[in-house]
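Take a look at the letters that make up each chain.
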Amino acid sequence: MAETSDRPATDAVDDVLAGDRVGGPVPGAAADPLVSEPADPGRPRRRRRTMSGKFVAGLVILGLFVLMAAIGPLVAPYDPSNLGPDVLAPPSWQHWLGTTGTGQDVLSQLLVGARQTLIIGVLAGLIATAISTIIGVTGGFVGGIADDLLSLLSNVFLVVPALPLLIVLTGYLPNGGPVAVAAVISLTGWAWGSRVLRAQTLSIRRRDYIEAARVAGEPGWRIIVFEILPHVRAILASSFLFTVLFAILTQVGLAFLGLVDVSQWSWGVMLYWAQSADALNAGAWWWFVPPGLAVALIGTGLALLNFGVDEFINPRLRSNSLRGRAARDSAGGFTPVVRTDPQPSEVQR
Amino acid sequence: MTISAGSIPVTTRPRAGDPVLEVRGLSASYGLGPDAVRAVVDVDLTLRRGEILGIAGESGSGKSTLAYAITRLLRPPGVITAGEVVFRPADRPGGGMDLLSAGPAELRAIRWSEIAVVFQSAMHALNPVLTVERQLLDVLAAHRRSMSRQARQARVREMVEMVGISPSRLKSYPHELSGGMRQRVMIAMGLILEPQIVLMDEPTTALDVVTQRQILQQILELRERLGFSVVFITHDLSLLIEIADTIAIMYAGRLVERAPSAFLFHAPRHPYTRGLLASFPSLHGDREKLVGIPGSPVDLRHVPSGCAFRTRCPHEMPRCATDRPPLALPVGDPPSADREVACWLHDGRQPPPPSLARPAPAARPEYATAGTSTIRDTRAEQERS
Amino acid sequence: MTSTTSGPGAEPVLRTTSLAKHYTLRGRGRRRTVRAVDDLDLALVPGTVTAVVGESGSGKSTVAKMLVRLVRPSSGRITLDGRDAGRMNLRAYRKDVQMVFQDPFASLNSVHTIGYHLARPLLNFGRARRGADVAGKVRDLLQRVKLDPQFADKLPHELSGGQRQRAAIARALASEPRVLLADEPISMLDVSIRLGILNLLGELRDTDGLAILYVTHDIASARYFADRTVVMYAGKVVESGTALEVTDQPAHPYTQLLISAAPDPQRIEIVDVSRASSGAASAPTDGCRFRDRCPFAMDVCRQQPPDVAVTPSHTAACWLRVDESQRPASGREAA
Amino acid sequence: MKFLLRRLGFTLITAWAAISINFFLPRLMPGDPVQLMVARLQQQGAVSPNAMQAMQVAFGLDDHTSLIVQYFQYWGQLFRGDLGRSITFYPSSVSEVIGQALPWTLVLVGVSTVISFLLGTVLGAFIGWRRGSWAETILPLSTFLSSVPYFWMGLIVISLFGAKLGWFPLSGGFDQGIDPSWSSDFVSNALYHAVLPAITIVLSSVASWILGMRNMMVTVMDEDYVLVAQAKGLSRLRVLSAYAARNAVLPSIAGFALSISFVVSGSLLVEIVFSYPGIGYSLYQAVNNEDFPLMQGIFLIITFAVLLANLVADVAYVLLDPRTRQDA
């Protein structure tokens with residue numbers, strides 16, 4: 001999740017075409033090389049191309065998991081907490097993903113646990129994104145001392161290791177429901193988004209169209225909502241996806257440590273029980289592999305979606321379409337010669 | 001003048017005015033397939049020794065694309081789709097090499113040592129994390145392996161002094177220099193290997209007028225001294241007329257006119273050239289109302305059929321929409337004028353409008369020839385030492 | 001008939017008195033004050049174009065931003081019809097004073113249509129009411145800048161640079177201002193369409209009696225377009241006069257340098273500017289700020305030169321224009 | 001060195017914030033934390049008076065001085081290296097427990113993180129350089145790896161290389177039979193035990209470095225100075241190293257702050273899976289035993305370590321980017 005590019009990012013073709021335009025900056029029109037500029041979000045042409053394979057794959061993966069969270073508890077073959085007679089049974093037709101050390105059905109736990117896992121992730125993502133938008137955009141827009149303090153705050157939260165802090169925090173808090181867990185996670189997860197949003201707002205604030213809007217009589221709130229926010233949409237989305245991923249990984253970690261209510265099924269809780277029952281030494285891979293794999297897959301889905309957004313923000317990140325020798329030439333700094341046009345004829349001489 | 005004892009026989013030593021670079025039928029696109037944008041189409045150009053060839057055009061004219069395609073420095077998704085770029089090195093008389101079919105190793109050897117590029121924005125063209133000296137030495141390290149360390153450093157000092165920078169600034173990083181100084185460093189870097197060709201892509205556009213003028217003067221002086229040829233790309237035709245020997249005007253990826261600069265200025269043949277010339281307010285005389293050119297510069301994604309300029313042209317004729325005019329000697333001009341225009345007004349079927357039929361000035365301007373032998377001599381001396 | 005309300009000789013609508021903007025730069029251990037604009041007296045007259053010409057760092061853009069009140073002056077006064085601008089409601093002020101920005105690729109928000117860009121100031125400044133009224137006014141505005149009314153539904157990226165700048169001018173006209181500040185309005189545009197924009201502004205000056213401030217680095221375009229030209233160097237006005245006077249008989253060495261450096265195909269002799277060191281960034285902040293680049297610099301130049309009238313309409317701030325006997329003893333400064 | 005001074009100031013402020021959080025958190029929590037904990041501990045068995053005492057000291061409930069005074073006393077204790085007494089390992093002090101565990105973590109996590117950073121940066125630079133080549137097929141894989149919870153990766157690695165193939169020990173930092181010493185036997189034994197946890201950490205964290213560096217590389221490759229380097233006819237290696245990668249690595253180093261706390265958090269969980277005798281495993285034991293003094297001490301130590309790592313990254317940044325030295 002690298003930060004976005006340094007220099008204004010535009011479509012490569014546009015870059016070249018625009019580069020021809022009166023040859024660059026005029027004295028005094030200093031371009032700020034340290035800010036990133038999202039590609040015009042309003043371009044339908046671009047939007048179509050942004051639907052890259054990665055983005056679609058991410059959407060499909062996430063769609064499947066959302067479906068799982070929605071109908072999982074309904075289609076689960078067993079009550080996930082029901083103790084069965086088959087203890088530590090490997091996958092079979094009765095239990096597609098085998099059973100736990102107490103005979104519970106792993107598949108049912110996985111299906112039921114999806115909902116809790118996703119709810120906490122999305123909830124934490126929403127809360128954190130809200131916090132980071134408020135703090136980041138406000139700081140960037142207002143500037144001055146307030147901005148200094150707000151960005152110091154987010155930098156502190158960024159550096160302090162989240163997990164140990166969360167462990168201490170949840171240790172003092174009585175075991176709460178998903179909302180409490182989500183709230184605590186978002187407390188440590190907002191800083192990244194806030195930092196990126198602030199940087200972006202700071203660069204947008206200096207753009208001509210913001211000053212032009214002021215001159216056109218627009219009030220401050222309208223400038224934030226209608227002029228700035230549309231331009232941070234992509235970053236907002238990216239920050240949200242990143243935070244959801246962070247929240248899912250963190251809650252799985254917390255659950256693994258037994259710091260959440262371990263009677264409510266989630267993938268982290270499954271791993272907690274698997275670890276407590278020493279599933280590893282028992283060779284019960286079907287117990288700890290599925291929940292971890294599910295987390296990894298959902299994370300991959302989020303990351304793929306994030307790629308799509310990143311490439312939207314910075315189109316240069318897209319994969320190159322050249323292959324073979326042409327790609328090699330171009331990587332070496334030699335424009336490939338692909339003779340598609342007819343050879344020059346002896347004309348007009 | 002001593003007769004060179006170098007490898008070049010005196011009799012076949014290339015003279016000023018011989019072609020050093022010939023571009024034939026060059027086409028370049030962004031992307032491949034149906035969505036490709038054709039930025040340069042079928043361009044023929046000849047650069048002669050010691051000459052300053054100006055290429056002028058607006059956005060979407062393809063002038064920068066042309067320059068980068070010649071050196072094969074066009075970035076992805078840029079692709080060269082047709083043509084030849086024949087470089088005729090002075091020390092290989094008769095034979096030329098096609099840069100478009102050359103391999104990476106050959107190209108790398110020619111780059112900078114024979115064809116150097118001065119980029120538009122020195123701010124972005126210099127590596128921010130290396131000192132200026134390091135970046136100059138880099139060139140020598142890559143191309144002058146046999147040179148000693150001291151010799152390289154001495155050469156770097158000599159070059160920066162030549163462009164008017166104190167060698168004490170060599171340890172500076174690019175961000176510590178002013179815009180004008182950075183551009184001078186770029187020029188010093190471009191000339192350090194005494195290349196035969198220097199491509200300059202808007203080298204002064206980002207600078208203030210006074211600095212711009214100083215740098216132009218410097219380029220002209222250095223050319224006198226070193227005898228290299230220059231391809232000078234700019235949108236500023238008025239500037240080009242002052243410094244270039246020959247000017248090529250591009251529109252929608254094609255050449256529309258090419259002529260010695262005095263001819264082009266006093267007697268333009270293409271309506272676009274004339275329109276461009278009328279777009280620069282004068283510093284002298286009466287204030288007349290000027291109109292520029294109606295319409296918008298062409299969008300390379302939607303180039304009009306036939307003559308691409310016809311939609312903005314005051315003299316449009318029916319055939320302009322169907323047939324693309326070839327680049328040819330305007331009927332009425334003598335072949336000695338060495339000029340070409342791509343416009344149906346000059347095919348002899350009708351008298352061209354008076355504004356496009358002015359007689360050219362009598363004498364054909366000569367470009368500087370003095371430096372050409374000088375550069376060869378210094379080369380030869382270097383080889384001997 | 002309109003000569004009393006507009007055109008040269010009419011009463012100025014916008015005036016500045018000793019306007020200044022100083023920035024404090026921190027860092028390098030000590031504070032450094034940058035005098036971006038100093039002691040500026042400017043009068044914008046209805047129906048005339050005043051050009052402010054200078055290199056980067058001359059403070060010319062800061063002038064425009066102060067006049068539209070995007071930048072707060074450090075000292076001095078701006079008066080609109082004799083009223084102190086600093087005391088005026090910002091919206092009421094901007095109803096009369098509008099601005100066109102340099103880069104039409106940056107001054108229009110890519111997510112909004114041209115129609116939105118025009119409707120907002122119409123509504124904000126009470127020039128139209130919501131509903132059909134707005135659409136009609138938007139059409140009128142587009143027509144005034146010679147754009148087809150269908151452009152209202154387009155997004156900025158669907159327009160060429162020149163069309164965008166026309167749209168930006170239309171937006172500035174929405175409030176029906178009397179003063180238009182144009183900050184390098186053509187420098188980012190293609191050469192062939194620059195004059196179209198200047199001619200459009202010229203027509204607005206003539207038909208609407210607009211007072212236009214034209215900020216530019218291109219002295220030739222100032223000569224073409226402006227009625228008066230003000231030359232700035234390092235935050236100070238060095239010369240001002242009618243546009244023709246200033247370019248045809250430049251009185252200040254800096255103006256002379258600017259003109260000799262400008263591209264000029266008709267130039268007969270090549271002017272050597274190589275000795276003039278470049279850059280206003282390191283200019284001295286006292287006395288004549290041009291003195292370290294000036295071929296005629298004297299000891300007396302350490303003191304601020306007075307504005308000397310060359311003709312009744314033309315002044316230059318240069319000791320060369322002051323009779324030697326009138327100059328202060330130069331030894332005092334040297335001591 | 002203004003940049004470094006500013007970063008140092010930031011480090012101090014963050015350290016102060018962490019210490020203060022540590023101090024105020026238990027004191028400002030609703031209810032009486034000691035009672036709460038006693039109640040919890042009693043479910044597991046009797047609470048020793050010693051443990052009660054340790055907790056009361058930790059929360060400043062043993063005497064009734066004001067919060068401010070306690071705060072300063074707390075600082076005084078900190079400077080003496082006194083972090084209170086651990087409940088789990090009573091009567092050992094928290095400092096002793098941490099002192100024993102810390103070297104293990106520093107070596108394991110430190111070395112793995114450095115390896116991961118170097119490996120990821122080199123790989124990312126290469127993939128970004130060769131855009132569109134086969135190398136890009138690594139990207140989906142690394143995307144997947146970066147989404148895997150560290151500890152789960154540990155479980156997989158153990159079951160594969162430990163349980164199934166038997167190449168490496170399943171857990172612990174060294175064999176029970178050997179006494180910790182600087183003997184070559186012990187060191188090699190410890191290294192042998194460290195291989196799997198290190199592989200886990202590298203595998204889990206390398207992906208984000210790869211992706212970050214690749215993205216920066218692609219962006220930097222579009223910079224004019226890279227084009228100039230190519231126009232200069234420099235060798236590929238020179239262009240790649242001195243121009244492209246040299247600039248692309250700067251944001252990667254600047255992004256160290258973003259990632260290091262992430263990596264450390266993940267690594268702590270890896271220790272737990274491997275029962276590795278480091279800070280993470282101590283934290284796990286503290287959590288299981290509701291050992292709040294130990295938890296807080298570990299939180300502080302980890303924060304300090306991360307801050308220190310950040311400072312090192314800042315110094316590296318200053319060395320690599322001359323622009324930060326502008327105000328020197």
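Residues numbered from 1 in each chain as written. Chains lettered and ligands numbered in written order. Predicted model: local features only at pLDDT ≥ 70, side-chain atom pairs only at ≥ 80, totals over all residues. Heavy atoms only, no water.

### Regarding the interface of chain D and chain A
Going by this rule: In this description, contact between two residues means that some pair of their heavy atoms is separated by no more than 4.5 Å. Once two parts are put together, the accessible area they lose, assessed with a 1.4 Å probe and summed over both, is termed the buried area. We define a salt bridge as a side-chain nitrogen of Lys or Arg found within 4 Å of a carboxyl oxygen belonging to Asp or Glu. Each polar contact in these results corresponds to two N or O atoms within 3.5 Å; when the atoms are within protein, one needs to be able to donate a hydrogen and the other to accept it, and residues that are neighboring in sequence are counted only if both atoms are side-chain atoms. Residue type decides the class: Asp, Glu, Lys and Arg count as charged, Ala, Val, Leu, Ile, Met, Phe, Trp, Tyr, Cys and Pro as nonpolar, and the leftover types, Gly among them, as polar.
In this complex, chain D contributes 63 residues to the contact, which on the side of chain A involves 62 residues. With both sides pooled, the region where chain D packs onto chain A buries about 5800 Å², and carbon together with sulfur makes up 71% of that total. Ranking the residues of chain D by area buried against chain A places R131, W152 and L258 of chain D at the top, with a combined share of 10%. At the boundary of chain D with chain A, the tally comes to zero salt bridges. Counting across the chain D and chain A interface gives four residue pairs in polar contact (both at pLDDT 80 or more). Among the residues making up the side of chain D that touches chain A, the classes are represented as 39 nonpolar, 15 polar and nine charged.

### Remarks on the packing of helix α4 (residues 106-142) of chain A against helix α12 (residues 285-313) of chain A
Residue and element names in this part refer to chain A. This is how the line gets drawn: To obtain each axis, a line is fitted to C-alpha atoms, and for helices this fit is confined to the stretch in contact; angles are then taken between N-to-C directions over 0 to 180 degrees. Under the DSSP-based scheme used, a helix requires at least four consecutive residues in state H or I and a strand at least two consecutive residues in state E, with every element numbered from the N terminus. By definition, turning the near helix anticlockwise from the far helix through less than a right angle yields a left-handed crossing, and turning it clockwise yields a right-handed one.
Running from N to C, α4 and α12 point in directions that differ by 35°, and their axes come no closer than 11 Å. The way α4 lies across α12 gives a crossing that is right-handed. Of α12, the residues touching α4 (which contributes V106, Q109, L110 and L118) are W286, W287, P290, P291, A294 and I298. Partitioned by chemical class, the residues of the contact of α4 with α12 number nine nonpolar, one polar and no charged.

### Quick notes on the pattern of salt bridges
Pairing is possible between side chains that carry opposite charge, provided their charged atoms lie close to one another. Counting across every chain of the model gives 39 salt bridges over all chains. Salt-bridge contacts for E218 of chain A lead to R120 of chain C; the nearest nitrogen and oxygen are separated by 2.9 Å. Remark: R120 of chain C occurs in helix α3 (residues 114-124) and E218 of chain A occurs in the loop between α9 (208-215) and α10 (220-256); the pair is interchain, linking two chains. Of the charged contacts, one joins E340 of chain B and R258 of chain B as a salt bridge, the two residues approaching to 3.1 Å between their closest N and O atoms. Within this pair, whereas E340 of chain B is found in strand β11 (residues 340-341), its partner R258 of chain B is found in strand β10 (residues 254-260), the two being separated by 82 residues in sequence.

### What to know about the domain arrangement of chain D
Residues and elements named next belong to chain D. Under the convention used in this document: These domain boundaries are the output of an automatic or database domain assignment.
Split by domain assignment, chain D resolves into domain 1 (2-79) and domain 2 (99-325). With 19 residues of domain 1 in contact, the opposing surface of domain 2 contributes 17 residues. Carbon and sulfur atoms supply 72% of the area buried between domain 1 and domain 2, which totals about 1700 Å² over both sides. Among the residues of domain 1 in contact with domain 2, F3, L4 and N22 are the three that bury the most area, contributing 30% of the side total.

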